[in-house]
Amino acid sequence: MKKRIRLLGMVIVTNICALNISWAGEEPEQIVIAHRGASGYLPEHTLPAKALAYGMKPDYIEQDVVMTKDDQLVVLHDHYLDRVTNVAEIFPNRARKDGRYYAIDFTLAEIKQLKVTEGFVLDESGQPKAAFQGRFPIWQSNFSVPTFAEEIEMIQGLNKTLGYGIGLYPEIKAPAFHRHEGKDISKAVLTMLKKYGYTNKQDKVYLQSFDPIELKRIDKELMPAMGMDLKLVQLIAYTDWNETMVYNGDKATPYSYDWMFKADGMHKVAQYADGIGPWKPMVIDEKSTPTNIKVMPLVAFAKKEGLKIHPYTFRADEGRIPSYATDFTDMLDIFYNKAKVDGVFTDFPDKAVQFLNR
Ligand code: G3P
Ligand code: CA
């Protein structure tokens, strides 16, 4: 009997720990996703940007995930390192023919030597220029590339100490590229999520990708084999962005997204995903005016299929407010209240949380 009571106690403790890990709480009707952390205020995808985002109480914090040469998962928006780090200075001879420094060509130990900064572009004279002039100064302070595990552990730790129950919103970056390089990034991401207690649709995680072929593989093959059933989100691009490539040997051609915009496109997506992540102009017609807001047909198609709609990316920086909105708050009002989206990806999670009056 004593043994039975002790076992029962262990089960209860284990369940409490599981709640701290993945928090299966009620989801609000409309959510806020901290895009790359509080990236409007601190360099994207750094742990400080994620901790700041956490304090702003969004529902989810986003991680873009890529793989290193030694099969480690790191949180980086691009599968190359040169837009947000000093890789060109530290490893000057390691660029590929296209001039880019691919994360997959570097070990985690090498990537950890790099300094992360606010995103930049090189000007005509080759000098780095901040992509967003009003954001955190480039090369200021000291930031590094986090691993996916480090970020999960920080968010779970804060879920324990602050108790907000904030979820993960990881994106598998360029899965076809990774597989072409011999790495199964999707399997690695799922393994990591399972290790940290995220296994089913009630857990606070959305797994996103731009690649429909890979999402179907995750839904139909990988997750069933691993005893998992997570919420999946199909990110939507236009074909000419070259966001998703299809490999035939070494030749890569852009995946055509055209079918997704047709009347039955969302019905097809609903066979393997729980939601979509469209670009803002796919939700509100850019030709809208303040007195004539036009919601795009994609919204009705997705709602009919019961798909969540989480458009990207809401930025309050100068020049980033569409002409049909008077300011950032008005833009949020149009998307949350006129298009009735289920959530937004934003670099300014504090503003969206405040808008929803949380
Ligand atoms: O994943 C949603 C949004 O982040 C898609 O755009 O390019 O910022 O990953 P991107
Ligand atoms: Ca993303």
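These numbers were taken from a predicted model, which means no experiment stands behind them. (Residues numbered from 1 in each chain as written. Chains lettered and ligands numbered in written order. Predicted model: local features only at pLDDT ≥ 70, side-chain atom pairs only at ≥ 80, totals over all residues. Heavy atoms only, no water.)

1. Some thoughts on the overall build of the protein
What the protein contains, in helices and strands, is twelve helices and 13 strands. For a compact globule of 358 residues, the expected C-alpha radius of gyration is about 21 Å, and the protein comes in at 21 Å, within 12% of that figure. Along the first, second and third principal axes, the C-alpha atoms of the protein reach 75 × 55 × 45 Å. In the protein, once contacts between residues fewer than 6 apart in sequence are set aside, the share between residues at least 24 apart is 70%. Carbon together with sulfur atoms contributes 53% to the accessible area of the protein, which is approximately 16600 Å² in total. For the protein, the centre of its 45 positive side-chain charges and the centre of its 47 negative side-chain charges are spaced 6 Å apart. (Helix = DSSP H or I, 4+ residues; strand = E, 2+ residues; numbered from the N terminus. Rg over C-alpha atoms; globule rule 2.2 N^0.38 Å. Contact = heavy atoms within 4.5 Å. Areas by Shrake-Rupley, 256 points an atom, 1.4 Å probe, with all protein chains shown as cover. Lys, Arg positive; Asp, Glu negative; His and termini not counted. Charge placed at Lys NZ, Arg CZ, Asp CG, Glu CD.)

2. Here we look at the site of ligand 1
Close contacts around ligand 1 come from His35, Arg36, Glu62, Asp64, His77, Glu171, Lys173, Gln208, Phe210, Leu235, Tyr312 and Phe345, and that covers them all. Taking His35, its side chain carries an N or O atom lying 2.8 Å from an oxygen atom of ligand 1. Between ligand 1 and the protein, one listed contact pairs an oxygen atom with a side-chain N or O atom of Gln208 at 2.6 Å. Surface burial for ligand 1 is 92%, taken as the share of its 280 Å² of free accessible area covered by protein chains. Its residues assigned to classes, the shell around ligand 1 comprises four nonpolar, three polar and five charged. (Near = heavy atom within 4 Å. Polar contact = N/O pair within 3.5 Å; in protein donor to acceptor, adjacent residues only side chain to side chain. Nonpolar A, V, L, I, M, F, W, Y, C, P; charged D, E, K, R; others polar.)

3. Details of the packing of aromatic side chains
If you walk through the whole model with that rule in mind, you get 20 aromatic pairs. Relative to Phe348, the ring of Tyr41 has its centre 5.3 Å away and its plane inclined at 80 degrees; by these criteria the two rings are edge-to-face. With a gap of 307 residues between them, Tyr41 in the loop between β1 (31–34) and α2 (47–55) and Phe348 in the loop between β13 (343–346) and α12 (349–355) connect regions that are remote in the sequence. Residue classification places Tyr41 among the partly exposed positions, given a relative accessible area of 27%. Grouped by ring-pair contacts, the aromatic residues Tyr60, Tyr169, Tyr206 and Phe345 constitute a single cluster. (Phe/Tyr/Trp six-rings, centres within 6.5 Å; stacked < 30°, edge-to-face > 60°. Buried < 20%, exposed > 50% of the residue type's maximum accessible area, 1.4 Å probe, protein only.)

4. Quick look at the coordination of the calcium ion (ligand 2)
Around the calcium ion (ligand 2), the donor atoms from the protein are Glu62 (OE), Asp64 (OD) and Glu171 (OE), and they sit 2.1 to 2.4 Å away. Here the calcium ion (ligand 2) is ringed by six donor atoms whose angles at the metal span 61 to 152 degrees, and the overall shape comes out irregular. Donor residues for the calcium ion (ligand 2) sit on one chain with the sequence pattern E-x1-D-x106-E. Residue Asp64 is found in strand β2 (residues 60–67), and its partner Glu171 is found in strand β6 (residues 167–172); the two are separated by 107 residues along the sequence. A single burial state applies to Asp64 and to Glu171, both of which are buried. (Donors = N, O, S within 2.8 Å, 3.2 Å for Na, K, Ca; no water. Tetrahedral: all angles 85-135°; square planar, octahedral: opposite > 155°, others 65-115°.)

5. Quick word on the side chain of Asn86
Counting through the fold element by element, Asn86 comes out in the loop between β3 (73–75) and α3 (87–90). Sequence-distant contacts of Asn86, defined by excluding residues within four places in its chain, comprise Leu114, Lys115 and Trp139.

6. Some thoughts on the packing of helix α5 (residues 148–161) against helix α7 (residues 185–195)
Remark: α5 packs on α7, axes separated minimally by 11 Å, with the N-to-C direction vectors making an angle of 30 degrees. Judged by the angle between their axes, α5 and α7 are roughly parallel. Handedness of the α5/α7 crossing: right-handed. Between α5, through Phe148, Ala149 and Ile152, and α7, the contact on the second element is made entirely by Val189, Met192 and Leu193. For the contact of α5 with α7, the residue count by class is six nonpolar, no polar and no charged. (Axes fitted to C-alpha atoms, helices over the stretch in contact; angles between N-to-C directions. Parallel < 35°, antiparallel > 145°, perpendicular 65-115°, else oblique. Left-handed = near helix turned anticlockwise from the far one by under 90°.)

7. Focus on the UniProt feature "domain: GP-PDE" (unreviewed entry) in the protein
Per the UniProt record, "domain: GP-PDE" (unreviewed entry) is found at residues 30–356. End-to-end, the C-alpha atoms of residues 30–356 are 8 Å apart, and along that stretch the chain is 29% helix and 16% strand. (UniProt positions renumbered as here; feature names shortened; annotations may be inferred.)

8. Here we look at helix α8 (residues 212–226)
The end-to-end C-alpha distance of α8, which contains 15 residues, comes to 20 Å, matching closely the 21 Å that a straight helix rising 1.5 Å per residue would cover. A bend of about 45 degrees at Ile218 is the largest found in α8. Within the span of α8, buried status applies to Pro212, Glu214, Leu215, Arg217, Ile218, Asp219, Leu222, Met223 and Met226. Of the residues one or two after α8, Gly227 is the one with positive phi, at around 65 degrees. (Expected span 1.5 Å × (residues − 1). Bend = angle between axes of the 7 residues up to and from the residue.)

9. A word on the packing of α7 against α8
Relative to each other, α7 and α8 sit at 45 degrees, their axes nearing to 11 Å. For the element pair α7 / α8, the angle class is oblique. At the point where α7 passes α8, the crossing takes the right-handed sense. Together, Ser186, Lys187, Leu190, Thr191 and Lys194 of α7 and Glu214, Arg217, Ile218, Leu222, Met223 and Met226 of α8 make up the contact between the two elements.

10. Side note on the pattern of salt bridges
Any two side chains of opposite charge can pair, on the condition that their charged atoms come close. A full pass over the atoms with the stated rule returns 23 salt bridges. In this structure, Glu44 and Arg36 form a salt bridge, with 2.8 Å as the shortest nitrogen-oxygen distance. By relative accessible area, which is 13% here, Glu44 ends up buried. Residue class for Arg36 comes out buried when judged on its relative accessible area of 11%. (Salt bridge = Lys/Arg side-chain N within 4 Å of Asp/Glu carboxyl O.)

11. Side note on the pairing of β13
By the alternation rule, side chains of β13 split into Gly343 and Phe345 and Val344 and Thr346, which are all buried. As paired strands, β1 and β13 are joined by four bridges and run parallel to one another. Note that in β13 the partner of Ala34 across the bridge is Thr346. (Pairing = 2+ DSSP bridges.)

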